[in-house]
Amino acid sequence: MALGSNQRHPRHGDPSAILWAALDEIGRRNCRIDAVSPTIRSRPIGPSQRVYCNGIAVVSTGLEPHELLDELQAVEALFGRRRQGQRWRSRTLDLDIVLWSGGCWADESLIIPHPEFRKRDFVLGPAARVAAGWRDPITGVTVQQLHHRLAKGLTRSPTPPR
């Protein structure tokens, strides 16, 4: 699961603290947090001007992907996320299912693996720290290999802040 934040929250504070608070909340919702990457800073995609704090968590759950998505969206709402208006705007919390141990999943509201994860250093960098050997079910390539390819410029991604 990918986590991101680029706004302060009145109760939880800065974006890094928001990610940790969100993990605590997810852990109370039929999920076990197995691993958490270090957080990184990244430039936003789209119109937002605020730098993001991003990380990856490996989560175990008996929930089906669409049920997990419902739980994650409830956590986002609890942290003030409103799904309306412009895409990729600033947000207190963004939670995405990137990969799933069951392989691929697709329905009207969710596609796994996340369609853009192979192009995003802010996903692959942290993911390589906690799930390097996980394989993309479409390409068969490991997260570590995908990150290496991205770092070598074989895939385009936003440039991180300096």
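Given the structure is predicted, the values throughout are model-derived calculations rather than measurements.

**Student:** Teacher, can you tell me more about the packing of helix H1 (residues 15–27) against helix H2 (residues 65–78) here?
**Tutor:** Geometry of a packed helix pair, given as the angle between the helix axes and the separation of the axes. Across the interface, H1 lies against H2 with an axial gap of 10 Å and an inter-helix angle of 135°. The angle between the axes of H1 and H2 places the two elements in the oblique class. In the crossing of H1 with H2, the sense of the turn from one axis to the other is right-handed. Of H2, the residues touching H1 (which contributes Ala22, Glu25 and Ile26) are Leu72, Val75 and Leu78. A class-by-class count of the residues in the contact of H1 with H2 yields 5 nonpolar, no polar and 1 charged.

**Student:** I keep staring at unusual backbone geometry and nothing clicks. Help me out?
**Tutor:** One can expect most non-glycine residues to show negative phi and most peptide bonds to be in trans. Cis peptide bonds are those with omega within 30 degrees of zero, and the linkage from Ile112 to Pro113 qualifies with 5°. Note that Pro113 resides in the loop between strand E7 (111–112) and helix H3 (121–130). A positive phi is found at Asn30, a non-glycine position, where the angle reads about 55°. In this fold, Asn30 is placed in the loop between H1 and strand E2 (31–36). Exposure remark for Asn30: the relative accessible area of 60% places this residue in the exposed category.

**Student:** What is the right way to read the nonpolar core from this model?
**Tutor:** General note: in soluble globular proteins, nonpolar side chains tend to be found buried as a group. By size, the foremost hydrophobic cluster in this structure holds 23 residues, and its most contacted members are Met1, Leu93 and Leu95. Elements supplying a minimum of two residues to this core: H1, strand E4 (52–61) and H2. Sort the elements by how many residues they give to this core and H1 lands first, with 6 residues. Setting aside its immediate chain neighbours within four residues, Leu95 contacts Met1, Ala2, Leu3, Ile26, Leu72, Val75 and Glu76. Leu99, Phe122, Leu124 and Leu150 belong to the second-largest nonpolar core, a separate cluster that totals 14 residues.

**Student:** Looking at this structure, how should I read H2?
**Tutor:** Residue pairs three or four apart in sequence face the same way in an α-helix, which turns once every 3.6 residues. Look at H2: 20 Å from first C-alpha to last across 14 residues, which is about the 20 Å you get at 1.5 Å a residue. Along H2, the residues classified as buried are Pro65, Leu68, Leu69, Leu72, Val75 and Glu76. Axial view of H2: buried residues confined to an arc of 120°, hence all on one face. The inward-facing, buried residues of H2 contact H1, E2, E4, strand E5 (94–96), strand E6 (105–106) and E7. One or two residues past the end of H2 sits Gly80, with phi positive at roughly 95°.

**Student:** Got a minute to help me understand the environment of Arg91 in this structure?
**Tutor:** Among the structural elements, Arg91 can be located in the loop between H2 and E5. A C-alpha to C-alpha distance of 5.8 Å links Arg91 and Gln7, two positions 84 residues apart in sequence. Residues in contact with Arg91, not counting those within four places in the same chain, are Ser5, Asn6, Gln7, Tyr52 and Arg81.

Definitions and cut-offs
- Residues numbered from 1 in each chain as written.
- Predicted model: local features only at pLDDT ≥ 70, side-chain atom pairs only at ≥ 80, totals over all residues.
- Heavy atoms only, no water.
- Axes fitted to C-alpha atoms, helices over the stretch in contact; angles between N-to-C directions.
- Helix = DSSP H or I, 4+ residues; strand = E, 2+ residues; numbered from the N terminus.
- Parallel < 35°, antiparallel > 145°, perpendicular 65-115°, else oblique.
- Left-handed = near helix turned anticlockwise from the far one by under 90°.
- Contact = heavy atoms within 4.5 Å.
- Nonpolar A, V, L, I, M, F, W, Y, C, P; charged D, E, K, R; others polar.
- Buried < 20%, exposed > 50% of the residue type's maximum accessible area, 1.4 Å probe, protein only.
- Core = buried A, V, L, I, M, F, W, Y, C linked by side-chain atoms within 4.5 Å.
- Expected span 1.5 Å × (residues − 1).
- Arc of directions from axis to C-beta.

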